[in-house]
Amino acid sequence: MAKSLYETLEVKENASTDEIKKAYRKLARKYHPDVNKDKDAEDKFKEINAAYEVLSDPEKKQQYDQFGDSMFGGQNFHDFARGQGQGVDLDEILRQMFGGQGGFSSSGFSQNGFNNFGGFSQGFNEPDLDTQAQITIPFDVAVLGGKQHISLNNDSFDIKIPEGINNGQKIRAKGKGKSYQGQRGDLIIKINIASSPEYEREGSTLIKTFDIPLKTALFGGKVEIKTIHKTITLKVPQNTKQNQKFRVKELGVLDRKTSIKGDLHLKANIILPKLEDLEEEVQEYLQEKLPDTI
């Protein structure tokens, strides 16, 4: 029974796991498209990766050792791979072949193998048409929600970002995945949130540092602060300390599980005046009257 996956990796059928891994690394370096500019190098590189995906997995390898190239409709793997045409992901096809839901029918492996263009014979799942991608969105958009424009695979469209989305959360864009025999999969987008120079985020709580002059810190007063949601006027008491926190309710991030908006914590940063900006008599008075100890 022909077993061309071993030929693809240029090893014997009784090769050990280490021998298979060593052969794969050698061939992958040789045919990597960044290194090898030959027009067939990319296809060869894909074949090598697909072959290694099977032979490096004990369960897949056991099934392939049992059925050999009958899994490719009687063709050897090289001819099967080259016959699939453009736009077919060999790794994805192999994952479908050996997936938990797919694989072999109750009567054993179908000898018909694949239909044209990689279509599966009875007993296999249809290929997974969903596509994975990731984007980075601005911090403000993650908090407030809004639209984000995406350009991917010659397609350009807007997606809706829900208010309060978390870093690493995924969004599904219907009908924006791969196409196969008239069907279209979805695009699964992982959301990365850009950092903010103004805010820290802890769950549904926002933390922002605001500046106040020494006079306001000592004698109290009002400070106007622009937040993500709106501009507010904060009343600062006398003797406010450095990094003292003030809580403003419901100006944080929406908790999507509870539909409750978190709080905004404001941290005071006291700005000291430059000595040279003070009048000479004020300097002398402060030097005389300010305590030397804490």
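What counts and how
Residue positions are given per chain, counting from 1 as you read along its sequence in written order. Residue-level local features of this predicted model are given only where pLDDT is at least 70; pairs of side-chain atoms are given and counted only at 80 or more, and the full residue set underlies all totals for whole chains, interfaces and linings. No hydrogens and no water enter the side-chain calculation; it runs on all heavy atoms of the structure. Note on aromatic contacts: the rings of Phe and Tyr and the six-membered ring of Trp form a pair at centre separations within 6.5 Å, being stacked when their planes are under 30 degrees apart, edge-to-face when over 60 apart, and tilted otherwise. Runs of E in the DSSP output that reach at least two residues are strands. Runs of H or I that reach at least four are helices, and both are numbered from the N terminus. Accessibility here uses a 1.4 Å probe with only protein chains present; expressed as a share of the type maximum, an area under 20% marks a residue as buried, one over 50% as exposed, and anything in between as partly exposed. Here, over-ring charges are defined by two tests on the NZ atom of lysine or the CZ atom of arginine: distance to the ring centre within 6 Å, and angle to the ring normal within 35 degrees. One requirement defines pairing of two strands: DSSP has to find at least two bridges between them. For helices, the axis comes from a line fit to the C-alpha atoms of the stretch in contact; other axes are also lines fit to C-alpha atoms, and the angle between any two N-to-C directions lies between 0 and 180 degrees. Any carboxyl oxygen of Asp or Glu that lies within 4 Å of a side-chain nitrogen of Lys or Arg is treated as forming a salt bridge with it. We define a polar contact as two N or O atoms separated by no more than 3.5 Å, with the added condition that, inside protein, one atom must be a possible hydrogen donor and the other a possible acceptor, whereas residues neighbouring each other in sequence contribute only through side-chain atom pairs. In this description, contact between two residues means that some pair of their heavy atoms is separated by no more than 4.5 Å. Nonpolar side chains (Val, Leu, Ile, Met, Phe, Trp, Tyr) are joined into patches within 5 Å and like charges within 9 Å, using only residues with over 30% relative accessible area and no salt bridge. All accessible areas in this document rest on Shrake-Rupley with a 1.4 Å probe, and a residue is counted as covered only by the protein chains that are shown. Here, nonpolar core refers to any group of buried Ala, Val, Leu, Ile, Met, Phe, Trp, Tyr and Cys residues whose side-chain atoms link them within 4.5 Å. Domain start and stop positions are those given by an automatic or database domain assignment. In predicted models, pLDDT denotes the confidence assigned by the predictor to each residue on a 0 to 100 scale.

(A) Summary view of the packing of aromatic side chains. Applying the stated criterion across every chain, the model contains four aromatic pairs. With a centroid separation of 4.0 Å and 5° between ring planes, the pair formed by Tyr24 and Tyr52 is classed as stacked. Pair noted here: Tyr24 is in helix 2 (residues 17-31) and Tyr52 is in helix 3 (residues 41-55), with a separation of 28 residues, a long-range link. Taking relative accessible area as the criterion, Tyr24 reaches 17% and is therefore assigned buried. Directly above the ring of Tyr31 sits Lys44, whose terminal nitrogen or CZ lies 5.8 Å from the centroid. Its guanidinium or amino end placed over the ring of Phe157, Lys176 lies 4.7 Å from that ring's centre, counting from NZ or CZ.

(B) Representation of the sheet that holds strand 7 (residues 187-193) in the model. With mixed pairing, the three strands of this open sheet are ordered in space as 1-7-4. In this open sheet, the two strands that pair with only one neighbour each are strand 1 (131-137) and strand 4 (170-173). Looking at each pair of strands side by side, their axes are set apart by 30° on average, direction ignored. Sheet analysis places strand 1 next to strand 7, joined by seven bridges and oriented parallel. Within the sheet, the bridge partner assigned to Gln134 lies in strand 7 and is Lys190.

(C) Summary view of the pattern of salt bridges. This structure, assessed with the given rule, holds 11 salt bridges. Put simply, Arg172 and Asp130 hold a salt bridge, and the shortest N to O gap is 3.4 Å. In this pair, Arg172 sits in strand 4 while Asp130 sits in the loop between helix 6 (90-98) and strand 1, placing the two residues 42 residues apart along the sequence. The class for Arg172 is partly exposed, based on a relative accessible area of 46%. According to the relative accessible area criterion, Asp130 is partly exposed, its value standing at 25%.

(D) Examining the side chain of Thr227 more closely. Note that Thr227 resides in the loop between strand 10 (221-226) and strand 11 (231-236). In terms of polar contacts, Thr227 uses its side chain to reach the backbone carbonyl oxygen of Lys230, at 2.5 Å. If we ignore the near neighbours within four places in the chain, the residues touching Thr227 are Tyr199, Ile232, Leu251 and Leu264.

(E) Focus on a nonpolar patch on the surface. A surface patch of nonpolar side chains, amounting to about 350 Å² of accessible area, comprises Val282, Tyr285, Leu286 and Leu290. Structurally, Val282 is set in helix 9 (residues 280-289).

(F) Representation of unusual backbone geometry within the structure. The backbone of Asn243 sits at a positive phi, close to 70°, despite the residue not being glycine. When you line up the elements, Asn243 lands in the loop between strand 11 and strand 12 (245-248).

(G) View of the nonpolar core. Core analysis: the biggest nonpolar cluster contains 36 residues, and Ile137, Ile191, Phe210 and Leu266 have the highest contact counts within it. Counting contributing residues per domain, this core is built from domain 2 (131-193) and domain 3 (199-277), each supplying no fewer than three. Those residues in contact with Ile137, other than ones at most four positions away along the chain, are Ala142, Gln148, Ile161, Ile165, Ile191, Asn192, Ile193 and Ala194. Counting 22 residues, the second-largest nonpolar core is a separate cluster that includes Leu5, Ile48, Ala51 and Phe67.

(H) Fine view of the sheet that holds strand 15 (residues 264-271). The four strands are arranged 8-9-15-12 in an open sheet whose pairing can be described as mixed. One side of each edge strand has no neighbouring strand; the edge strands of this open sheet are strand 8 (199-202) and strand 12. The mean inter-strand angle of the sheet, taken between neighbouring strand axes irrespective of direction, is 30°. In terms of strand pairing, strand 8 meets strand 9 (residues 205-213) through four bridges, oriented antiparallel. In the strand pairing of strand 9, Glu202 is matched with Thr205.

(I) The confidence of the model for the chain, seen in detail. Summarising the model, the chain shows a mean pLDDT of 82, and 81% of its residues fall at 70 or more. Low pLDDT (under 50) marks residues 100-125, which in the prediction has 56 contacts with non-local residues, meaning those over four places away or in another chain.

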